[in-house]
Amino acid sequence: MYRQMVKIRAFEDQANQLYLSAKMPGLTHMYSGQEAVAVGICEALTDEDRITSTHRGHGHCVAKGAEFRQMFCELLGREEGYCRGKGGSMHIADQAHGNLGANAIVGGSMGIATGAALSAKLQGRDFVTVCFFGDGATAQGLWYEVMNMAALWKLPVIYACENNGYSEYTKTEEIAAGSLTARAEAFGIEAHGVDGQDVLAVNELAQRLVERARHGEGPFFVELDTYRYHGHHVGDINRDYYRSKDEEAEWKERRDPIVNFGKWLEAEGILSADDLVAIGDEIRAEAESAVAYALNAGYPEAGEVDMHVFAGVDHALPYIDGYAKGAGA
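A few points on the structure. Position numbers for residues count from 1 along each chain, tracking the sequence in the order it is written. Local features in this predicted model are restricted to residues of pLDDT 70 or higher, and side-chain atom pairs are both shown and tallied only at a pLDDT of 80 or more, whereas totals for entire chains, interfaces and linings draw on every residue. With hydrogens and water stripped out, all remaining heavy atoms of the structure feed into the side-chain values.

## Comments concerning the overall build of the protein
Reasoning step 1: Secondary structure is summarised from DSSP: a helix means a run of H or I of at least four residues, a strand means a run of E of at least two, and numbering begins at the N terminus for each. Secondary structure summary: the protein contains 13 helices and seven strands in total.
Reasoning step 2: Taken over C-alpha atoms, the radius of gyration comes to 20 Å for the protein, in line with the 20 Å a tight globule of 329 residues would show.
Reasoning step 3: Overall, the protein is about 70 × 50 × 40 Å in size when its C-alpha atoms are taken along their principal axes.
Reasoning step 4: Burial status follows relative accessibility: with a 1.4 Å probe on protein chains alone, a residue under 20% of its type maximum counts as buried, one over 50% as exposed, and anything between as partly exposed. Per-residue burial over the protein gives 50% buried out of 329 residues.
Reasoning step 5: Sequence-distant contacts, at least 24 apart, represent 71% of the contacts inside the protein between residues at least 6 apart.
Reasoning step 6: All accessibility values rest on the Shrake-Rupley procedure with a 1.4 Å probe; residue burial counts only the protein chains present in the view. For the protein, the exposed area adds up to about 14800 Å²; of that, 52% sits on carbon and sulfur atoms.
Reasoning step 7: Charged side chains of the protein number 29 positive and 49 negative; the gap between the two group centres comes to 2 Å. Our radius of gyration looks at C-alpha atoms and nothing else; its globule reference is 2.2 Å times the residue count to the power 0.38. When checking whether two residues touch, look at their non-hydrogen atoms; a contact exists if any pair is within 4.5 Å. As used throughout, the charge tally considers Lys and Arg to be positive and Asp and Glu to be negative, leaving His and the chain termini uncounted. The atom standing in for a charge is NZ when the residue is Lys, CZ when it is Arg, CG when it is Asp and CD when it is Glu.

Shown next as structure tokens:
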């Protein structure tokens, strides 16, 4: 779990530099600071188990087993990316590891996750689906619709709310009235709160809930108290107008999930300080190598633009073009 959290931080550091150096198209949203949430939960899952992600999804992808090379290729629009360069930062999917995809629509994956859980029940399979979303997504009506369905049908789904304190640029308490856990409880869904900076606490709870969901006791809701170190997106640099530098420093210095877990590993005699440094150096070198590879990787052919759009249609452009020119228009 320590290695996985360091991998996420290293990935985000490199992604941030790619944006700042104008080598990566579009925006991206950093996950740094929230690593214990993705890792603590995904370490309790198998490749058969599903997750759905968010616009701030790199951490979930890495924690579920994604590789650096394919991830960076995707961010840079290269054909060796997970979606052949067509998804970019906010639309990465990795079906081999049960990652049904990130989603740029706030709360957009809630229906997908609940549908996946329904398919498990209808097909008699025992995989569990975890739906990651932020505190701001609790304002989306879709969440209440799917919680009602999940509760009625006792679906194997866990709704994991990463409450990082801000809905874009607004404090959570200014956009969310009352308790978030109470909202789930209103549907008869068992709800839990946990320190999202403590990977051991997150993992312990996730293991229990995943096992219970696998045996038909779901759904569940978890609110994870966490914090994003960067702004809402990489271009959100001057944040003084909505949160203070002192607040950011407090979280980084006292509640960093990687630093604190490293201290625990040292105290338990599991790893030494030198071991921790060596892990960090190794993973940073791996990330740098993957970036160099991705920057030199090829772009997809222009003719691929219509691939994976319609099922059973390898290249749909002739059909669309013919339709527009009079074949039914």
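## Overview of helix α6 (residues 141-153)
Reasoning step 1: One fewer than the residue count of a helix, multiplied by 1.5 Å, yields its expected span. Counted at 1.5 Å a residue, the expected span for α6 with its 13 residues is 18 Å, and the 19 Å between its end C-alpha atoms agrees.
Reasoning step 2: Among all positions in α6, only W143, V146, M147, A150 and A151 are buried. The arc that holds every buried residue of α6, seen down its axis, measures 135°, which confines them to one face. For α6, exposure combined with an orientation more than 90 degrees from the buried face picks out E145 and L152.
Reasoning step 3: Each element contacted by the buried residues of α6 is listed here: α5 (110-123), β2 (129-134), β3 (157-163), α8 (180-185) and β7 (220-225).
Reasoning step 4: One or two steps after α6, the chain reaches K154, where phi turns positive at roughly 50°. Along the arc lie the directions from the helix axis toward the C-beta atoms.

## A word on helix α11 (residues 257-267)
Reasoning step 1: The set of residues buried in α11 consists of P257, I258, F261, G262 and L265. When α11 is viewed along its axis, its buried side chains cluster within an angular range of 125° and face the same direction. Of the exposed residues in α11, those oriented more than 90 degrees away from the buried face are K263 and A267.
Reasoning step 2: If you follow the buried residues of α11, they end up packed against α1 (2-20), α2 (35-42), α9 (199-214) and α12 (273-295).
Reasoning step 3: With a side-chain oxygen positioned 3.0 Å from the backbone nitrogen of I258, the residue opening α11 is D256.
Reasoning step 4: Remark: G269 follows α11 within two positions and exhibits a positive phi of approximately 75°. Any N or O atom pair separated by 3.5 Å or less is treated as a polar contact, with the protein-specific requirement of one donor-capable and one acceptor-capable atom, and with residues adjacent in sequence counted only for side-chain atom pairs.

## Notes on unusual backbone geometry
Reasoning step 1: Cis geometry marks the peptide bond from G218 to P219; its omega dihedral reads 0°.
Reasoning step 2: Turning to its location among the elements, P219 is positioned in the loop between α9 and β7.
Reasoning step 3: A positive phi angle is found at R84, which is not glycine, with a value near 55°.
Reasoning step 4: When you line up the elements, R84 lands in the loop between α4 (68-75) and α5.
Reasoning step 5: Here R84 falls in the partly exposed class, since its relative accessible area comes to 28%.

## Some thoughts on the packing of aromatic side chains
Reasoning step 1: Note on ring pairs: Phe, Tyr and Trp rings are taken, using the six-membered ring of Trp, and paired if centres are within 6.5 Å. Classes follow the plane angle, with under 30 degrees stacked, over 60 edge-to-face and the rest tilted. Scanning the entire structure with this criterion turns up 13 aromatic pairs.
Reasoning step 2: Centroid distance F11 to F68: 5.9 Å. Interplanar angle 35°. Geometry classified as tilted. With a gap of 57 residues between them, F11 in helix α1 and F68 in helix α4 connect regions that are remote in the sequence. As far as burial versus exposure is concerned, F11 and F68 are alike and both buried.

## What about the packing of α1 against α12?
Reasoning step 1: Interaxial angles span 0 to 180 degrees and are taken between N-to-C directions of axes, which are lines fitted to C-alpha atoms, for helices over the stretch in contact. Relative orientation of the contacting elements α1 and α12 amounts to 40°, with a least axis distance of 9 Å. Viewed along their axes, α1 and α12 adopt a mutual orientation that is oblique. The way α1 lies across α12 gives a crossing that is right-handed. Here Y2, R3, V6, K7, A10, Q14 and L18 of α1 come into contact with α12, specifically with L276, I279, G280, E282, I283, R284, E286, A287, E288, V291 and L295.
Reasoning step 2: Residue classes follow a fixed rule: Ala, Val, Leu, Ile, Met, Phe, Trp, Tyr, Cys and Pro count as nonpolar, while Asp, Glu, Lys and Arg count as charged, and any other residue, Gly among them, counts as polar. The residue inventory of the contact of α1 with α12, partitioned by class, reads 10 nonpolar, two polar and six charged. An angle counts as roughly parallel when it lies under 35 degrees, as roughly antiparallel when it exceeds 145, as roughly perpendicular when it falls between 65 and 115, and as oblique in every other case. Crossings are sorted by hand: turned counterclockwise from the far helix by less than a right angle, the near helix makes the crossing left-handed, and turned clockwise it makes it right-handed.

## As for the pairing of strand β6 (residues 190-195)
Reasoning step 1: Whether two strands pair comes down to DSSP finding at least two bridges between them. Direction of pairing for β6 relative to β7: parallel, over a ladder of six bridges. The residue of β7 that forms the bridge with H192 is V222.
Reasoning step 2: As a crossover connection, the stretch from β6 through α9 into β7 is right-handed. Crossovers are marked right-handed if the path from the first strand over the helix to the second runs clockwise, as seen with the strands pointing away from the viewer.

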